Amino acid sequence: MQASEGKCGCPCHKAPGLLITLIGLVFLLGAFNVLSARVVEITWPILLILLGLKKMTGGMCKCCSAS
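Residues numbered from 1 in each chain as written. Predicted model: local features only at pLDDT ≥ 70, side-chain atom pairs only at ≥ 80, totals over all residues. Heavy atoms only, no water.

Participant: I'd love a proper account of unusual backbone geometry, names of residues and values included.
Facilitator: For Asn33, which is not glycine, the phi dihedral falls at a positive 60 degrees. Assignment of secondary structure puts Asn33 in the loop between α1 (11–31) and α2 (37–57). Residue classification places Asn33 among the exposed residues on the basis of a relative accessible area of 69%. (Helix = DSSP H or I, 4+ residues; strand = E, 2+ residues; numbered from the N terminus. Buried < 20%, exposed > 50% of the residue type's maximum accessible area, 1.4 Å probe, protein only.)

So this is what it looks like as structure tokens:
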């Protein structure tokens, strides 16, 4: 992590938050009938699976292993 910024810029740290945001967006669009119920039924488990796979396979990135 770069001490000058206080935040890590690695995409690996942003992916879980992005996937959680997408899950929420899928449910929101379903509630507003922008997406059909069937699309919501299919999409949110896929996003959860991706989040789980990211967590399971996400090893230490360069910024995390530097400390």
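Participant: Requested: an account of the packing of α1 against α2, with residues and values cited.
Facilitator: With their axes 10 Å apart at the nearest point, α1 and α2 run at an angle of 170 degrees to one another. Taken together, the axis directions place α1 and α2 in an arrangement best described as roughly antiparallel. Where α1 crosses over α2, the handedness of that crossing is left-handed. Residues Cys12, Ala15, Pro16, Leu19, Ile20, Leu22, Ile23, Val26, Phe27 and Gly30 of α1 lie in contact with α2, whose contacting residues are Val40, Thr43, Trp44, Leu47, Leu48, Leu50, Leu51 and Lys54. Considered class by class, the residues forming the contact of α1 with α2 number 15 nonpolar, two polar and one charged. (Axes fitted to C-alpha atoms, helices over the stretch in contact; angles between N-to-C directions. Parallel < 35°, antiparallel > 145°, perpendicular 65-115°, else oblique. Left-handed = near helix turned anticlockwise from the far one by under 90°. Contact = heavy atoms within 4.5 Å. Nonpolar A, V, L, I, M, F, W, Y, C, P; charged D, E, K, R; others polar.)

Participant: So what's going on with the environment of Cys10? Which residues, and what values?
Facilitator: You can see Cys10 is positioned in the segment before α1. Aside from chain neighbours lying at most four places away, what touches Cys10 is Cys61 and Cys63.

Participant: Go over the packing of aromatic side chains with me, naming the residues and quoting the values.
Facilitator: By the definition in use, this model includes one aromatic pair. Measuring from centroid to centroid gives 5.8 Å for Phe27 and Trp44, while their planes differ by 40 degrees, and the two rings are tilted. One end of the pair, Phe27, is in helix α1; the other, Trp44, is in helix α2, and 17 residues separate them in sequence. (Phe/Tyr/Trp six-rings, centres within 6.5 Å; stacked < 30°, edge-to-face > 60°.)

Participant: Go over the environment of Glu41 with me, naming the residues and quoting the values.
Facilitator: By the secondary structure assignment, Glu41 is in helix α2. For Glu41 and Gly30, which are eleven residues apart along the polypeptide, the C-alpha to C-alpha distance reads 9.5 Å. Side chain to side chain, Glu41 and Arg38 meet in a polar contact 3.1 Å long. (Polar contact = N/O pair within 3.5 Å; in protein donor to acceptor, adjacent residues only side chain to side chain.)

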